[in-house]
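What follows is the residue order along each chain.
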Amino acid sequence: MSSTPLSTAAELARANEELRYQLEEAHDLIQAIRTGAVDALAVQGAEGPRIFTLQGADQGYRTLIEQMNEGALLLSEDTTVLYCNACLAGLLECDLSEVMGSTFETFVPLAFQEYWAGLLLKGWAEGKSKGELPLQTRNGALVPFSVSMNVLSFNETPTLAVIVTDLSARREITAIRAQVAEQNELLDRTNAELKREEAARLAGERAAAEASRMLEGISHIAWTVSPTGANTYRNRRWYDYIGQEPGEGPGIGRAWRERLHPDDAPATLARWDESLRTGAPFEVECRIRNGAGGYRWMLGRAQPSRNELGEIVQWIGTYTDIHEHKLALERIDQGQRELRDNNEQLTRVNVDLDNFIYTASHDLKAPISNIEGLLDALLAELPPETSQQEPVQPILRLMHDSVNRFKRTIEQLTDVSKLQKEHGLPTEPVDLAAVVRNVRLDLEPLIQSTGAQLTVDVAAAPIVLFSEKNLRSVVFNLLSNALKYRAPDRAPQVSLRTRPEGAAVVLEVQDNGLGFDATNEHKLFGMFQRFHDHVEGSGIGLYMVKKMVDNAGGRIAVSSKLGSGTTFLIYFSQ
Amino acid sequence: MQKLTCALLVDDDSTTNYLNQLLINRLQITDKLLVALNGQEALELVKIHCNEATPDCPALILLDVKMPVMDGFQFLEAYNELPLPEKDAIIIVMLTTSLHPQDVDRVQGLNIAGFLNKPLTKEKLNDVLKNHFDRHLPE
């Protein structure tokens with residue numbers, strides 16, 4: 001190594017020591033090469049064969065490079081492999097001797113030759129380059145590698161030092177890492193889901209607990225069920241109603257659906273299923289069996305309780321005992337049905353009566369006409385002297401009177417039957433004063449003969465909405481009654497007045513006549529009722545008056561005092 | 001006054017028939033007076049005597065409403081179906097006591113000359129003669 005002339009013993013000693021060290025090193029190297037522990041390559045140079053090893057490197061580094069788990073190689077400028085460690089030979093599945101001295105391109109797949117050449121070019125040019133490419137192992141498999149190149153001067157020869165790292169393991173790790181990441185993500189998601197569900201469950205339970213705390217205190221039967229309809233709570237009232245304790249007996253016995261009245265069950269359960277399915281509020285009236293085995297009517301109601309997402313968390317329902325109410329309604333219904341039936345029956349009876357009156361008057365008319373005709377025929381046949389003779393003359397006269405009386409009664413009956421059919425007769429504004437004047441003319445003989453004083457004052461309400469024909473009949477009947485039933489000891493004083501009262505017009509007819517006992521008032525307006533037998537009357541006048549007033553939506557009232565007079569009040573609704 | 005060729009009384013009440021016969025005979029309205037006790041009998045008479053114009057075909061029919069077997073309305077309905085040559089020459093007057101409102105409607109579509117309220121009198125008969133036969137009873 002050094003050819004400097006030796007000067008001192010110390011220097012000599014040192015030089016000796018160095019040489020000895022070099023000798024030992026050379027000896028070790030030869031030993032290592034001989035044992036195959038160190039790779040070496042003999043290259044024929046200009047100065048004879050040269051041996052390439054990692055000689056000159058520190059022993060520690062050499063060992064490191066020899067034994068490290070990365071491939072390492074040195075390339076000459078013509079890409080001859082000057083050195084290769086055992087690891088790289090292993091990665092390429094070749095013997096060291098096969099790699100060393102070879103051209104490295106033999107391990108580069110055809111498709112990557114250009115890339116590899118580029119890497120080399122860059123390495124030589126810039127002193128450094130890096131890349132990834134697959135290399136072909138001896139048995140033809142492609143293995144991914146990363147290569148890192150550095151230009152080094154080895155034994156004064158420029159070489160390209162290449163570190164070759166097997167990437168297949170790293171790729172696997174990357175794949176595993178991706179898998180792990182994916183797995184972790186999934187776990188995170190599942191966790192989040194679980195947390196959310198847990199939160200929802202807790203919220204649900206909280207809601208149920210809150211609901212049940214409230215429901216326990218109310219006076220109705222109350223319950224909650226899950227969104228699928230499974231019962232989650234029943235309050236005390238329910239257990240009181242069914243006469244069982246919570247948890248007592250088989251669970252099925254506590255369920256409402258088992259306690260429904262058989263007649264109500266199908267419709268009730270159908271509606272409940274419908275509500276569960278659609279989320280629509282539930283409302284039903286049904287009978288539920290209590291602890292004593294009796295059925296009571298309940299109003300069942302349930303509403304879905306929803307979370308902030310609008311999902312049904314539970315159903316909260318109540319049963320309200322409406323038994324008495326329902327029975328009362330049924331009684332009212334029943335009552336109304338009976339009333340309706342009665343009404344129909346009465347209407348039928350009325351129609352029958354109408355028909356009877358019509359038929360009776362009709363059927364009686366024919367024979368009385370015949371009697372009258374026969375009487376006339378007989379009169380025509382009788383010699384005049386006979387007909388004037390006693391007692392033929394009075395007999396004939398009484399027969400005529402009876403026939404006439406009979407005919408009048410039948411006329412009145414016919415009028416009554418006509419009146420029945422007059423319901424809803426059109427009304428018109430009628431001048432009351434004119435009607436009274438008219439009636440007064442008809443009654444003039446009676447007024448004259450009784451010395452009656454009739455005062456009329458209709459100025460306060462001169463017009464009445466009524467059928468004119470009927471109004472005449474009403475006025476006629478009231479005035480003629482006032483005159484007919486006069487007190488024998490005084491001249492009749494009759495006053496006829498009108499006044500508006502609310503929406504009605506009141507016609508008042510007051511007399512100072514016989515009057516009657518108030519206890520008979522209800523009979524006054526009956527058909528064929530007669531209070532006095534000394535006066536000629538059919539007993540039909542007031543019946544007709546009341547009928548006409550009632551038919552037009554008005555009413556009639558009367559007050560009377562026996563011996564001092566009677567007042568009739570007629571309210572015409574306007 | 002020129003008498004009617006023939007008249008027909010239709011009534012189930014024999015007293016009514018008796019009285020009406022008495023009246024018609026007394027007033028000398030016709031020489032030939034037929035009597036039927038219900039619509040069915042009247043229909044038979046009309047079929048027999050009116051298929052051809054005979055002296056026995058009634059010029060005037062006084063028809064009661066309420067009768068057994070066939071009432072006045074049923075008679076009129078059946079009569080309307082008959083294919084008679086000189087229907088216009090037959091005057092039908094209904095005799096009633098009083099008409100039920102529902103009967104009034106029923107009468108509207110039927111081909112009759114008019115109504116008379118029972119009992120039949122000289123005055124009513126005179127009106128019929130004046131209005132439908134252009135003749136009147138001697139005063």
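You'll find the structure just up there.
Now for a quick tour of the structure. (Residues numbered from 1 in each chain as written. Chains lettered and ligands numbered in written order. Predicted model: local features only at pLDDT ≥ 70, side-chain atom pairs only at ≥ 80, totals over all residues. Heavy atoms only, no water.)

## Looking at the overall build of chain A
On a plain count of helices and strands, chain A comes out with 15 helices and 19 strands. Going through the 574 residues of chain A one by one, you find that 36% of them count as buried. Counting contacts in chain A only where the partners sit at least 6 residues apart, residues at least 24 apart contribute 52% of the total. As displayed, chain A offers around 33,600 Å² of accessible surface, 55% of which is attributable to carbon and sulfur atoms. (Helix = DSSP H or I, 4+ residues; strand = E, 2+ residues; numbered from the N terminus. Buried < 20%, exposed > 50% of the residue type's maximum accessible area, 1.4 Å probe, protein only. Contact = heavy atoms within 4.5 Å. Areas by Shrake-Rupley, 256 points an atom, 1.4 Å probe, with all protein chains shown as cover.)

## A few points about the sheet that holds strand S3 (residues 60–64) of chain B
Residues and elements named next belong to chain B. Read across the sheet, five strands follow the order S2-S1-S3-S4-S5 without closing on themselves; strand pairing throughout is parallel. Each of the sheet's edge strands pairs with one partner strand only, and the pair in question is strand S2 (33–36) and strand S5 (114–117). Each neighbouring strand pair of the sheet contributes to a mean axis angle of 20°, computed without reference to strand direction. Sheet analysis places strand S4 (residues 91–96) next to S5, joined by four bridges and oriented parallel. Looking at the pairing, Leu95 lines up with Leu116 of S5. Seen against the sheet, helix H1 (residues 14–27) touches strand S1 (7–10), S2, S3 and S4 and runs at an angle of roughly 170° to S2. (Pairing = 2+ DSSP bridges. Axes fitted to C-alpha atoms, helices over the stretch in contact; angles between N-to-C directions.)

## Regarding the side chain of Thr30(B)
Residues and elements named next belong to chain B. With respect to the helices and strands, Thr30 occurs in the loop between H1 and S2. In this structure Thr30 comes out as buried when scored by relative accessible area, which is 5%. At 2.8 Å, the side chain of Thr30 forms a polar contact with the backbone oxygen of Leu4. Setting aside anything within four residues of it in sequence, one finds Thr30 in contact with Lys3, Leu4, Thr5, Cys6, Ala7 and Ile24. (Polar contact = N/O pair within 3.5 Å; in protein donor to acceptor, adjacent residues only side chain to side chain.)

## Re the packing of aromatic side chains
Residue and element names in this part refer to chain A. Counting across every chain of the model gives 13 aromatic pairs over all chains. Relative to Tyr115, the ring of Phe112 lies with its centre 6.3 Å away and its plane at 85°, an arrangement referred to as edge-to-face. Grouping aromatic residues by their ring pairs yields a cluster made of Trp223, Trp256, Trp272, Phe282, Trp315 and Tyr319. Looking at Lys326, its charged tip hangs above the ring of Trp297, at a distance of 4.5 Å from the centre. The positively charged end of Arg555 is found above the aromatic ring belonging to Tyr571, 3.9 Å away from the centroid. (Phe/Tyr/Trp six-rings, centres within 6.5 Å; stacked < 30°, edge-to-face > 60°. Lys NZ or Arg CZ within 6 Å of the ring centre and 35° of its normal.)

## A word on the nonpolar core
Of all hydrophobic cores here, the largest spans 44 residues; its most connected members are Leu471(A), Val475(A), Leu479(A) and Ile570(A). Each residue touching Leu479(A), except ones within four places of it in the same chain, is listed here: Val439(A), Leu443(A), Leu454(A), Val494(A), Leu496(A) and Val509(A). (Core = buried A, V, L, I, M, F, W, Y, C linked by side-chain atoms within 4.5 Å.)

## As for the sheet that holds strand S14 (residues 453–457) of chain A
The strands that make up a sheet are held in pairs by hydrogen bonds between backbone atoms, and each pair lies either parallel or antiparallel. Residue and element names in this part refer to chain A. Reading across the sheet, the five strands line up as S14-S16-S17-S19-S18 and stay open at both edges, with mixed pairing between neighbours. Sheet topology places S14 and strand S18 (555–561) at the edges, where each strand pairs with a single neighbour. Each strand of the sheet is rotated relative to its neighbour by a mean of 15°, with strand direction disregarded. Note that strand S17 (residues 504–510) and strand S19 (residues 565–573) share seven bridges and pair antiparallel. The residue bridging Ala504 from the neighbouring strand is Ser573, located in S19. Relative to strand S16 (residues 493–501), helix H13 (residues 468–484) is tilted by about 140°, and along the sheet it contacts S14, S16, S17 and S19. Across the sheet, helix H15 (residues 541–551) lies against S18 and S19, angled at about 140° from S18, the strand it touches most.

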